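The residues making up each chain are set out below.
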Amino acid sequence: MERLTEAQRELYEWLAEYIRLHQHSPSIRQMMQAMNLKSPAPIQSRLEHLRTKGYIEWSEGKARTIRILRPLKLGVPILGEIAAGGLIEPVTEAEEYIDLTSVTLPPKTYALRVTGDSMIEDSIVDGDLVFLRPVPEPDHLKNGTIVAARVDGVGATLKRFYREGDRVTLKAANPKYEPIEVNAFQVQVQGSLVAIWRNYN
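The structure presented is a predicted model; accordingly, all values stated were derived computationally and were not measured.

The next thing to look at is the pairing of strand β8 (residues 155-164). Along a regular strand, successive side chains alternate from one face of the sheet to the other. Pairing geometry for strand β7 (residues 145-151) and β8, over 7 bridges, is antiparallel. By the bridge assignment, A148 is partnered in β8 with L158. In this structure, the hairpin formed by β7 and β8 is closed by a connection of 3 residues, where G153 is found at a positive phi of approximately 80°. In this structure, β8 lies alongside strand β9 (residues 167-171), joined through 5 bridges in antiparallel fashion. Bridging across to β9, R163 finds its partner in V168. Hairpin remark: β8 followed by β9, antiparallel, with 2 residues in the connecting loop; positive phi at G165, about 65°.

With a phi angle near 65°, Q23 is a residue other than glycine that sits in the positive phi range. Judged by relative accessible area, which is 67%, Q23 ranks as exposed. We note that S123 has phi near 60°; this positive angle belongs to a residue other than glycine. Along the chain, the position of S123 falls in the loop between β5 (110-115) and β6 (129-133).

What follows covers the nonpolar core. One finds I82, L112, V130 and L158 to be the most contacted residues of the largest nonpolar core, which totals 15 residues. Counting only elements with at least two residues in this core, the list comes to β3 (76-83), β5, β6, β7 and β8. Counting residues per element, this core draws most heavily on β5, which supplies 3 residues. In this structure, I19, I43, L47 and I56 belong to the second largest nonpolar core, which totals 14 residues.

With the rule as written, the count across this model stands at 9 salt bridges. The closest approach of N and O atoms between D117 and K176, which form a salt bridge, is 3.1 Å. Of this pair, D117 sits in the loop between β5 and β6 while K176 sits in the loop between β9 and β10 (180-183), and the two are 59 residues apart along the sequence. Judged by its relative accessible area of 59%, K176 is exposed. Close ionic contact of D122 with R160 constitutes a salt bridge, the shortest N to O distance being 3.1 Å. In this pair, D122 is assigned in the loop between β5 and β6 and R160 in strand β8, connecting sequence segments 38 residues apart.

Conventions used here
Residues numbered from 1 in each chain as written. Predicted model: local features only at pLDDT ≥ 70, side-chain atom pairs only at ≥ 80, totals over all residues. Heavy atoms only, no water. Pairing = 2+ DSSP bridges. Helix = DSSP H or I, 4+ residues; strand = E, 2+ residues; numbered from the N terminus. Buried < 20%, exposed > 50% of the residue type's maximum accessible area, 1.4 Å probe, protein only. Core = buried A, V, L, I, M, F, W, Y, C linked by side-chain atoms within 4.5 Å. Salt bridge = Lys/Arg side-chain N within 4 Å of Asp/Glu carboxyl O.

Function-wise, these values are silent; they only describe arrangement.
Following this line, the structure appears as structure tokens:
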């Protein structure tokens with residue numbers, strides 16, 4: 001099935017949740033308010049794209065008849081693996097979801113599966129899922145925060161973040177791994193640690 005743009009996905013997810021809660025579809029005006037739009041034209045365009053791509057349908061000429069054709073994936077998206085050791089390439093498309101509807105997590109939380117043993121002294125081991133939230137202002141990040149960070153030309157890793165001036169040090173929680181020391185502009189902080197999930201089965 002054809003992928004959605006960010007704007008289309010935002011409307012689709014809001015629609016699916018609204019219909020789930022109210023058992024009927026919202027008005028165009030309600031969609032405009034929810035998407036913070038002043039005109040109905042962008043809403044109508046997004047709805048048409050959602051219908052063309054097979055995500056929704058409606059009865060022509062009848063208001064509030066939108067139906068969701070694909071169930072909304074609930075839960076936290078797992079976006080691949082994060083190295084607790086070396087560095088690996090991150091993934092941007094969710095390959096699976098974990099349903100944690102009973103747990104309160106920050107908005108836009110996502111998960112990565114840990115590979116390696118560089119964070120074992122922080123009780124993060126190979127196979128764990130780490131839950132991360134985006135960091136809108138990396139310059140205000142507190143030293144010592146556990147982050148997923150992408151290092152230019154190398155990949156992404158899970159480490160403790162320290163910044164001094166224009167230098168960033170990414171430290172492991174395992175003495176057998178050397179710290180990664182680079183210029184700040186070479187590091188993109190992709191998320192800070194919220195929680196860890198371990199399956200004992």
